Amino acid sequence: QVQLVESGGGLVQPGGSLRLSCAASGSISRINVMGWYRQAPGKQRELVAVVSSSGHSNYADSVNGRFTISRDNAKNTVYLQMNSLRVEDTAVYYCKLRDGVFDSDYWGQGTQVTVSS
């Protein structure tokens, strides 16, 4: 089993920055993809950014150029640096790990990000 623990959410003004962290523990395959998704009230959960264990990353168009995803494989931790935050970035942000060997998905409990003046 795999557990994901997120941290770093909070309240920030438009134009501000936040950094999210997600630490994975348990039986983790070396081949995996970790990433961030978000869900705003009344909307479907959507991909924000993902990064593979080999370092390949992908971003949603809405955050490309503002957000940066990175990971520390030794610590099984993924980070999301969010800059130039907008009101529309307000959502619950979820960490996800996809096991590349068993094709299993694991989710964190979510962390609230609120962008408001």
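The structure this text deals with has already been given above.
A brief look at the structure comes next. (Residues numbered from 1 in each chain as written. Predicted model: local features only at pLDDT ≥ 70, side-chain atom pairs only at ≥ 80, totals over all residues. Heavy atoms only, no water.)

### Things to note about the pairing of strand β8 (residues 77–82)
Burial within β8 is extensive, with 5 of its 6 residues counted as buried. Where strand β3 (residues 18–26) and β8 come together, 6 bridges link them in antiparallel fashion. Bridge pairing links A23 to T77 in β8. Of the pairings in the sheet, the one linking strand β7 (residues 67–72) to β8 comprises 6 bridges and is antiparallel in character. Counted as the bridge partner of F67 is M82 from β8. Taking the residues between adjacent antiparallel strands as the criterion, β7 and β8 are bridged by 4 residues, where N76 takes a positive phi near 50°. (Buried < 20%, exposed > 50% of the residue type's maximum accessible area, 1.4 Å probe, protein only. Helix = DSSP H or I, 4+ residues; strand = E, 2+ residues; numbered from the N terminus. Pairing = 2+ DSSP bridges.)

### A closer look at the sheet that holds β7
What holds strands together in a sheet is hydrogen bonding between their backbones, with the strands either parallel or antiparallel. Overall, antiparallel pairing links the 4 strands, which are arranged β1-β3-β8-β7 in an open sheet. Single-partner strands in this sheet number two, and they are β1 (2–7) and β7. In this sheet, adjacent strand axes meet at a mean angle of 15° when their direction is disregarded. (Axes fitted to C-alpha atoms, helices over the stretch in contact; angles between N-to-C directions.)

### Brief notes about the state of the cysteines
Evaluation of the coordinates by the stated rule reveals 1 disulfide. Each sulfur in the disulfide pair C22 and C95 lies 2.1 Å from the other. Negative torsions about the S-S bond denote left-handed disulfides, and the value of about -80° found for C22 with C95 makes this one left-handed. Taken together, the residues span a long stretch of sequence, with C22 in strand β3 and C95 in strand β9 (residues 91–99) at a distance of 73 residues. The pair formed by C22 and C95 is uniform in burial state, with each residue classed as buried. (Disulfide = S-S within 2.5 Å.)

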